[in-house]
Number of protein chains: 2
Amino acid sequence: MDLLERLGLGGRRVLILHHDDLGLTHAQNAAYQALGFPTGSVMVPGAWASGVRGKDLGVHLVLTSEWPAPRMRPLTGGESLRDEAGYFPSSLEVLWRRARSEEVERELRAQIEAARRLFSPTHLDTHQGAVLRPDLAKVYLRLAREYRLPALVPESLEDLGVPPAFLPDLLRLMEEAPFPRVRFLDPYGLPPEGRLGFYLDLSRLGPGLYYLVHHSALPTPEGRALPDWPTREADYFALSHPEVRRVLAEFHPLTWRQVKEAL
Amino acid sequence: MDLLERLGLGGRRVLILHHDDLGLTHAQNAAYQALGFPTGSVMVPGAWASGVRGKDLGVHLVLTSEWPAPRMRPLTGGESLRDEAGYFPSSLEVLWRRARSEEVERELRAQIEAARRLFSPTHLDTHQGAVLRPDLAKVYLRLAREYRLPALVPESLEDLGVPPAFLPDLLRLMEEAPFPRVRFLDPYGLPPEGRLGFYLDLSRLGPGLYYLVHHSALPTPEGRALPDWPTREADYFALSHPEVRRVLAEFHPLTWRQVKEAL
């Protein structure tokens with residue numbers, strides 16, 4: 001039975017509003033506190049992971065560290081997960097070429113275990129889609145079941161930049177996964193100057209279970225040290241805007257905690 | 001022969017002005033850039049270690065992580081160096097009770113090796129004096145010799161809060177160490193409101209090799225998330241002050257690179 005039906009939300013417009021990349025910078029954590037939305041996920045290898053407090057926090061599983069600084073290191077010793085300075089690989093290409101599945105499993109397990117010492121996780125998702133390589137997706141979904149944490153699974157893989165060779169296996173795994181399929185929305189790659197319009201246009205969406213990812217960060221010197229700060233600040237300003245808040249209020253808000261309890 | 005004599009600086013007032021705790025926060029790195037003094041040391045397990053660029057940078061060896069956030073994890077797997085969430089112990093007491101010497105050696109070696117991938121280190125020192133336990137001091141001094149990096153060794157252990165039981169062994173190790181003994185000055189624990197006076201009073205010092213540690217950080221939201229931000233900002237403002245700069249100019253400036261080359 002469909003999750004929304006089971007929750008008595010069939011035919012409604014339902015929204016999980018998700019704050020990505022918590023725990024890496026103070027600016028991102030501070031935006032989470034300032035906006036007041038409950039749902040997000042934490043990069044456990046991030047320096048500020050221990051500083052996140054919230055009601056609906058998941059584990060943003062990390063296998064890459066893509067900025068010159070700040071950078072993140074694996075919690076475990078797997079040589080296939082680190083560059084010569086000991087950091088996670090700086091790109092998905094390098095990760096997917098080198099990562100050994102058993103080292104990934106050990107690392108993701110360590111991140112989940114460490115997260116459980118810091119807060120009570122409600123779900124799993126993954127930074128940059130690092131687990132889209134099919135054997136890693138299998139590990140991701142197995143750990144989600146083992147730890148009884150729902151995993152983010154999109155309804156479609158279109159426009160997510162997934163290498164075509166991964167698609168057949170991935171689609172099969174997604175079909176078999178015991179988690180709700182969500183309509184994935186993410187303005188990250190859109191021009192920052194159109195961000196307000198993106199959020200206001202949500203008003204036109206029809207019924208369904210939407211998963212809207214944002215990367216809000218405060219406009220501070222630390223926040224602006226990330227090369228992609230304009231898109232993060234654009235999310236923050238748009239989600240602080242009263243008109244966007246009014247549009248979001250048209251949706252029934254859903255948390256991962258509610259999803260977890262319904263599964 | 002005395003280092004200052006060898007450098008032709010006998011009878012002079014010589015100063016190594018040292019910026020501690022680089023690499024942990026953006027605010028600390030940005031203060032290093034803004035002040036323009038060459039010497040400091042980098043916490044390799046810190047998220048921003050890869051973001052420090054400078055002329056005279058050492059390795060600020062880390063074995064503790066004392067703030068609630070940001071926190072740091074060991075680079076190696078030693079169980080005696082981590083708490084239940086995988087972070088370094090939050091106090092020297094816990095570290096010194098639990099740390100196994102061979103796990104410390106592996107960790108410090110990994111930090112030095114990783115530092116060498118990021119920059120060209122000129123010296124070693126240690127966060128919170130974590131290596132003052134005599135068997136760890138032995139490791140520290142051995143690694144310094146092995147990597148040909150001068151290690152910070154103070155002239156006296158008075159007022160450094162060293163447990164009395166450590167003193168006899170430590171003093172012997174310090175006597176034997178092939179590194180210059182410096183007159184250690186650190187206003188960290190002094191009230192921030194008197195910081196300007198502390199720096200201006202340096203003018204009264206007599207001849208000798210002084211090692212002045214500061215913890216300057218920019219006044220930003222991230223910088224102020226550290227519980228001890230007032231003392232960090234006090235250093236930053238004092239060292240930006242023209243009168244303090246005038247006093248510092250009375251000293252002959254020395255870098256660790258010069259010390260390294262003279263040894």
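Please refer to the structure higher up on the page.
Predicted model, so just to flag it, every value in this text is computed and none were measured.

A.B. asks: Now, about the overall build of chain A: what can you tell me, with residues and values included?
C.D. replies: On a plain count of helices and strands, chain A comes out with 10 helices and eight strands. For 263 residues, the compact-globule estimate of 2.2 N^0.38 gives 18 Å, and the C-alpha radius of gyration of chain A, at 18 Å, lies within 12% of that figure. Once the C-alpha set of chain A is aligned to its principal axes, its extents read approximately 50 × 45 × 35 Å. Of the contacts made within chain A by residues no fewer than 6 positions apart, 69% connect residues no fewer than 24 positions apart. Working note: accessible area of chain A is about 10800 Å², and carbon and sulfur atoms make up 53% of it. Placing the 31 positive and 34 negative side-chain charges of chain A at their respective mean positions leaves the two points 5 Å apart.

A.B. asks: A description of the interface of chain B and chain A should follow, citing residues and the corresponding values.
C.D. replies: Tallying the contact residues gives 26 residues for chain B and 26 residues for chain A. Note on chain B versus chain A: buried area summed over both sides is about 2200 Å², and carbon and sulfur give 62% of it. Considering only the side of chain B, the residues that lose the most area to chain A are Ala47, Trp48 and Arg73 of chain B, jointly responsible for 23% of the buried surface there. Inspection of the region where chain B meets chain A yields two salt bridges. Its salt-bridge partner being Glu84 of chain B, residue Arg117 of chain A comes within 3.0 Å of it at the nearest N-O pair.

A.B. asks: I'd love a proper account of the relation of the copies chain B and chain A, names of residues and values included.
C.D. replies: The operation relating chain B to chain A is a screw motion whose rotation component is 180 degrees, with 0.0 Å of axial translation and a residual RMSD of 0.0 Å. The transformation just described matches what one would write down for a two-fold rotation axis. Of every C-alpha in chain B, the one belonging to Ala47 of chain B sits nearest the axis of rotation, 3.0 Å from it. Of the residues that chain B buries at the interface, 100% are likewise interface residues in chain A, meaning the two copies contact each other through the same surface.

A.B. asks: Report on unusual backbone geometry, specifying residues and quantitative values.
C.D. replies: Residues and elements named next belong to chain A. For the bond running from Ala69 to Pro70, omega is -5 degrees, close enough to zero to count as cis. Turning to its location among the elements, Pro70 is positioned in the loop between β3 (56-61) and α3 (92-98). Here Asp21, not a glycine, exhibits a phi torsion of approximately 65 degrees, which is positive. Tracing the backbone shows Asp21 in strand β1 (residues 13-22).

About the cut-offs
- Residues numbered from 1 in each chain as written.
- Chains lettered and ligands numbered in written order.
- Predicted model: local features only at pLDDT ≥ 70, side-chain atom pairs only at ≥ 80, totals over all residues.
- Heavy atoms only, no water.
- Helix = DSSP H or I, 4+ residues; strand = E, 2+ residues; numbered from the N terminus.
- Rg over C-alpha atoms; globule rule 2.2 N^0.38 Å.
- Contact = heavy atoms within 4.5 Å.
- Areas by Shrake-Rupley, 256 points an atom, 1.4 Å probe, with all protein chains shown as cover.
- Lys, Arg positive; Asp, Glu negative; His and termini not counted.
- Charge placed at Lys NZ, Arg CZ, Asp CG, Glu CD.
- Buried area = accessible area lost by both parts, 1.4 Å probe.
- Salt bridge = Lys/Arg side-chain N within 4 Å of Asp/Glu carboxyl O.
- Least-squares fit on C-alpha atoms with pLDDT ≥ 70 in both.

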